[in-house]
Amino acid sequence: KKGLEKEIKQWTVKGSSPSRGFFAQPHFVEGEPIICVTEGMADTLAVAAWSKLPTVGAAGAGNLPKLALQLEATGVSVENRLFFLFTQNDGPPKHESRKNFERLRQLLVKRGARAFHVSVPDPELKDIAGWLQTHPDAEWPPEEVRARLGDIGSAEPAASTHYVQADGCALSIPAHIT
């Protein structure tokens, strides 16, 4: 009974590891020019719903650099793709989120991608999900994203992918899956 008093923070299946998988839409990375990367489920869902762009989330900051390695291992090229890395405001002394997002950025750039950090607009809030709760009418894209679009010119899903939002579904999904 003693162990039941603690809240379960992470679920795993025997023999599995959260570092081997990424949630939300990792299967869209290959077909899209712009990808958002977040840490944690709440940020992943918030950014995906807000941006309507493919969004990939890692289960914890320590798993972020593994995304570049996992994409390479599965043969998914990140070359010429634009990644927006939504860091969290985790303060001193560790700055774990920022350090791991920076390592991911370095790995992606080394593989030919363009990758940029996107900060939480309010330094008092921990993450983008918290900021979006306090700013539900915030328009996409935020200024940091708009400033980095360069020759792409738009932070919208690729024209080749038509997304729809099913009733009761928080995220947009492709209209056709092949």
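The structure this text deals with has already been given above.
Fair warning: this is a prediction, and the values are worked out from it, not measured in the lab.

*Asks:* Help me understand the overall build of the chain, please; the structure alone is not making it clear to me.
*Replies:* Assigned secondary structure in the chain consists of five helices and seven strands. Reading the chain from its N end, one meets helices and strands in the order β-β-α-β-α-β-α-β-α-α-β-β. For the chain, the proportion of its 178 residues judged to be buried stands at 41%. Counting only contacts in the chain whose residues sit at least 6 apart along the sequence, the fraction spanning at least 24 positions is 66%.

*Asks:* Looking at this model, I keep getting lost on the pattern of salt bridges. Mind explaining?
*Replies:* Between side chains of opposite charge, a pair can form as their charged atoms come close. Tallied over the full model, the rule gives three salt bridges. Taking the shortest distance from any N to any O, the salt bridge between Glu102 and Arg105 comes out at 2.8 Å. Residue Glu102 and its partner Arg105 are both found in helix α3 (residues 96-110); the two are separated by three residues, about one turn of the helix. Its relative accessible area of 23% is what places Glu102 among the partly exposed residues.

*Asks:* Whenever I open this one, the environment of Glu124 confuses me. Can you help?
*Replies:* Mapped onto the fold, Glu124 is located in the loop between β5 (114-118) and α4 (128-134). On the accessibility criterion, Glu124 (71% relative accessible area) is exposed. Sequence separation of Glu124 and Asn89 is 35 residues, and the distance between their C-alpha atoms is 7.9 Å.

*Asks:* Sorry, what's going on with the pairing of strand β4 (residues 82-86) here?
*Replies:* β4 sits mainly inside the fold: five of its five residues count as buried. Neither face of β4 is open: one carries Leu82, Phe84 and Phe86, the other Phe83 and Leu85, and all of them are buried. Where strand β2 (residues 34-39) meets β4, four bridges bridge the pair, whose relative direction is parallel. Paired with Ile34 across the strands is Leu82, a residue of β4. Pairing of β4 with β5 involves five bridges; the strand directions are parallel. What sits directly across from Phe84, in β5, is Phe116.

*Asks:* How do you make sense of the nonpolar core when you look at a structure like this?
*Replies:* Side chains that are nonpolar tend, in soluble globular proteins, to be buried together. Counting residues in hydrophobic clusters, the biggest one holds 21 residues, and the most contacted among them are Val37, Phe83, Leu85, Leu104 and Leu108. Where this core is concerned, the elements lending two or more residues are β2, β3 (55-58), α2 (66-73), β4 and α3. Counting residues per element, this core draws most heavily on α3, which supplies four residues. If sequence neighbours within four positions are ignored, Phe83 has contacts with Val29, Ile35, Val37, Val78, Leu108, Ala113, Arg114, Ala115 and Phe116.

*Asks:* It is not clear to me how the packing of aromatic side chains should be interpreted in this structure. Could you clarify?
*Replies:* Two aromatic rings are characterised by how far apart their centres lie and by the angle between their planes. The final tally for this structure, using the stated rule, is three aromatic pairs. Grouping aromatic residues by their ring pairs yields a cluster made of Trp50, Phe86, Trp131 and Trp140.

*Asks:* Sorry if this is basic, but what is going on with the environment of Glu39 here?
*Replies:* Residue position: Glu39 is located in strand β2. Judged by relative accessible area, which is 12%, Glu39 ranks as buried. Taking C-alpha positions, Glu39 is 10.0 Å from Asn100, a pair spaced 61 residues apart along the chain. Among the polar contacts listed, one links the side chain of Glu39 to the backbone nitrogen of Ala61, at a separation of 3.3 Å.

Definitions and cut-offs
- Residues numbered from 1 in each chain as written.
- Predicted model: local features only at pLDDT ≥ 70, side-chain atom pairs only at ≥ 80, totals over all residues.
- Heavy atoms only, no water.
- Helix = DSSP H or I, 4+ residues; strand = E, 2+ residues; numbered from the N terminus.
- Buried < 20%, exposed > 50% of the residue type's maximum accessible area, 1.4 Å probe, protein only.
- Contact = heavy atoms within 4.5 Å.
- Salt bridge = Lys/Arg side-chain N within 4 Å of Asp/Glu carboxyl O.
- Pairing = 2+ DSSP bridges.
- Core = buried A, V, L, I, M, F, W, Y, C linked by side-chain atoms within 4.5 Å.
- Phe/Tyr/Trp six-rings, centres within 6.5 Å; stacked < 30°, edge-to-face > 60°.
- Polar contact = N/O pair within 3.5 Å; in protein donor to acceptor, adjacent residues only side chain to side chain.

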